[in-house]
Amino acid sequence: MMRLSGRLRSALIIGFQGIRARKMRTFLSMISLFLGVLAVVTVQASAVTVRTLRLADIELQAGRDGTRTMFVPPVGDSAKITADTIKGKPGVAASYSLQAIIGEPKVRPINPGAQPFEHLDEAAYGPEGYDGPRFAMSCDESGNCRPIAIQGAGTPAPKGAAIEVSLVAMINDIRDFRPFRPVAGAWLSFDGEPSYSPRLVINKAAAVGFSKYSIPAEMRLDDAIANPTPRIIGVVDDGNSQPTAYARADEIDNWLKPPEPVDNPQPGAAPDAKAMNAVSGSGLQVDFAPGHADLEALLTRKLLAAGVPRETLNINTVDVRKHIEKELAILNYVFLGMAGLVLLIGVAGILNVGLATVGERVEEFALRRAVGTPRVLLAGIVLAETLLTGLLTSAAAIGAAVAGLNLARRVLGGQIIQLQEMTFPWEAGVAGVIAGLVAGLLGGLIPAIRAARIPIATVMRA
């Protein structure tokens, strides 16, 4: 073992000396290999970056991997029970959505149905938009909700300085599950007592409308006792093209009429229509972080005891990677194959230079054999040179890739927010080192075998 270590050390020292003695030839070998290694590093870095960005975009809507999502139907006191159980607890959050109009009272919004401002010329969202009859939500005994036209709703109001948004009311902070990217201002604080002036954080799609139009600070909600005065405190990127606002549920509940009291149905019995409509909308979405099965089980038991049918409590586990890994893997294989072809050109360059170098050093290798140098050590000297060349080339390619990422961050960071927090992926660095070593091994293998086979008699030519 000691003798093998000594041979390896000798091969590395002599190989490094050979590189120093032939700087120009080594430099030419590195040039031919540099593009191939850089291609591998770039492809691997791009694959990791695309996967990260794709996961981040999906997580904005679906949630982080491993999140347990429970949909609580609007049955009786299910919303109150859920809020009382999870409020202030770590690792869990809930939300429900409703429509809100911010701006002048008694007018139609500029974007009926919370329509994106880029598509105002298209048909309004929702059944018949706001130019037709108004609609209310009605839920059947299975928890399925649908809009029903309100008879005698009257003539539609004229358009005015108002913007409609999809308002997401939150119990606890849902950013633990959906990593919204901050754009401006601050996020909501869930500490302290709720304010009677609801604090709102809007998404980028809603910010377009508020920056373009002059909108009064008055918010209309269905079943509200009065129109509150909201305060917009921040802007986030939530990956949603529909104008959306986020608020604390307790600050929104301050302005909503309390639901009519209903008799809780017996466990397992089908709830009646009155119980199903005691909670507006389509119920609550509750997100549990991994490792909070006890809290999930506690909430489930409370809801079942309150008469919520078990079959309506739909629980799913978020598995984002499963849906994108296959498509990203295929794309990665295609580009890695193209990078491999470029890398083969570098291997051919090292092989060509290595064969020429061995041809020039025939007498040197024969003399070493004459003084007792083993064939394995001669092969190791040649391989050490090519491997060191590949390693140096990998370092140069990785450095160029890191510099390119830093340049892109400085130039495009203001336009692409994701680049500001992006770092060079270590997987790309490892791939570059492996590519350089493999290229050095393949390019130096044949010259090493030729050097080891040089006969001792060749020394007589000198």
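Quick caveat, the model's predicted, so the values are computed rather than measured.

## Concerning the overall build of the chain
Here comes step 1: Scanning the chain from terminus to terminus reveals 12 helices and 12 strands.
Here comes step 2: A total of 462 residues make up the chain; the buried ones form 45% of that total.
Here comes step 3: By sequence separation, contacts in the chain at least 24 residues apart represent 84% of the contacts at least 6 residues apart.

## Observations concerning the UniProt feature "transmembrane region" (unreviewed entry) in the chain
Here comes step 1: As annotated by UniProt and renumbered to match this structure, "transmembrane region" (unreviewed entry) occupies residues 330-355, 376-408 and 428-452.
Here comes step 2: Overall, residues 330-355 shows 100% helix and 0% strand. The separation of its end C-alpha atoms is 37 Å.
Here comes step 3: For the annotated span residues 428-452, helix accounts for 100% and strand for 0% of the residues, and the straight-line distance between the end C-alpha atoms is 35 Å.

## Description of the environment of Thr 82
Here comes step 1: Within the fold, Thr 82 resides in helix 3 (residues 78-86).
Here comes step 2: Sequence-wise, Thr 82 and Lys 302 are 220 residues apart; in three dimensions their C-alpha atoms are separated by 8.5 Å.
Here comes step 3: With residues near it in sequence (within four places) discarded, Thr 82 still touches Val 72, Leu 284, Val 286, Leu 299 and Leu 303.

## Things to note about the nonpolar core
Here comes step 1: Grouped together as the largest cluster of nonpolar side chains are 43 residues, with contacts concentrated most on Tyr 96, Leu 167, Met 219, Leu 221, Ile 252, Val 286 and Leu 303.
Here comes step 2: The element best represented in this core is strand 2 (residues 92-103), accounting for 6 residues.
Here comes step 3: Contact partners of Val 286, with chain neighbours within four places excluded, come to Arg 68, Thr 69, Met 70, Val 72, Thr 82, Ile 86, Val 92, Ala 93, Ala 94 and Leu 299.
Here comes step 4: One finds Val 40, Val 347, Ala 428 and Ala 439 within the second-largest nonpolar core, a separate group that totals 18 residues.

## Re unusual backbone geometry
Here comes step 1: The residue Ala 114 is not glycine, and still its phi comes out positive at about 55°.
Here comes step 2: Tracing the backbone through its elements, the reader meets Ala 114 in the loop between strand 2 and strand 3 (135-139).
Here comes step 3: The backbone phi angle of Asn 172 is positive, close to 75°, even though this residue is not glycine.
Here comes step 4: Mapped onto the secondary structure, Asn 172 falls in the loop between strand 5 (162-171) and strand 6 (181-185).
Here comes step 5: Using a relative accessible area of 12% as the deciding quantity, one classes Asn 172 as buried.

## Describing helix 9 (residues 362-370)
Here comes step 1: Taken residue by residue, helix 9 has Val 362, Phe 365, Ala 366 and Arg 369 as its buried positions. Looking down the long axis of helix 9, one finds its buried residues gathered within 100° of arc, a one-sided arrangement.
Here comes step 2: One or two positions beyond helix 9, positive phi appears at Gly 372, with a value near 105°.

## As for the packing of helix 3 against helix 7 (residues 293-305)
Helix-helix packing is characterised by the crossing angle of the two axes and by the distance between the axes.
Here comes step 1: The geometry of helix 3 relative to helix 7 is characterised by a closest axis approach of 10 Å and an angle of 150° between their N-to-C directions. Relative to helix 7, helix 3 is oriented roughly antiparallel. Judged by the twist between their axes, the crossing of helix 3 over helix 7 is right-handed. Across the interface between the two elements, Ser 78, Ile 81, Thr 82, Thr 85 and Ile 86 from helix 3 touch Leu 295, Leu 298, Leu 299, Lys 302 and Leu 303 from helix 7.
Here comes step 2: Along the lines of polarity and charge, the residues of the contact of helix 3 with helix 7 split into 6 nonpolar, 3 polar and 1 charged.

## Focus: the side chain of Glu 164
Here comes step 1: Residue placement: Glu 164 occurs in strand 5.
Here comes step 2: Given the relative accessible area of 1%, Glu 164 is considered buried.
Here comes step 3: In this structure the side chain of Glu 164 is engaged in a polar contact, spanning 2.9 Å, whose partner is the side chain of Gln 99.
Here comes step 4: Within the local environment of Glu 164, its side chain forms a polar contact with the backbone nitrogen of Gly 113, the two atoms lying 2.8 Å apart.

## Description of the pattern of salt bridges
Here comes step 1: For the coordinates displayed, the defined rule picks out 8 salt bridges.
Here comes step 2: Asp 237 is the partner of Arg 181 in a salt bridge, and the nearest nitrogen-oxygen pair spans 3.2 Å. Separated by 56 residues along the polypeptide, Arg 181 in strand 6 and Asp 237 in strand 9 (residues 231-237) bring together distant segments of the chain. Each of the two residues, Arg 181 as well as Asp 237, counts as buried.
Here comes step 3: Linking Asp 250 and Arg 248 is a salt bridge whose minimum nitrogen-to-oxygen distance equals 2.8 Å.
Here comes step 4: A residue is classified by how much of its surface remains accessible, and Arg 248, at 2% relative accessible area, is buried.

Reading the values: rules and limits
- Residues numbered from 1 in each chain as written.
- Predicted model: local features only at pLDDT ≥ 70, side-chain atom pairs only at ≥ 80, totals over all residues.
- Heavy atoms only, no water.
- Helix = DSSP H or I, 4+ residues; strand = E, 2+ residues; numbered from the N terminus.
- Buried < 20%, exposed > 50% of the residue type's maximum accessible area, 1.4 Å probe, protein only.
- Contact = heavy atoms within 4.5 Å.
- UniProt positions renumbered as here; feature names shortened; annotations may be inferred.
- Core = buried A, V, L, I, M, F, W, Y, C linked by side-chain atoms within 4.5 Å.
- Arc of directions from axis to C-beta.
- Axes fitted to C-alpha atoms, helices over the stretch in contact; angles between N-to-C directions.
- Parallel < 35°, antiparallel > 145°, perpendicular 65-115°, else oblique.
- Left-handed = near helix turned anticlockwise from the far one by under 90°.
- Nonpolar A, V, L, I, M, F, W, Y, C, P; charged D, E, K, R; others polar.
- Polar contact = N/O pair within 3.5 Å; in protein donor to acceptor, adjacent residues only side chain to side chain.
- Salt bridge = Lys/Arg side-chain N within 4 Å of Asp/Glu carboxyl O.

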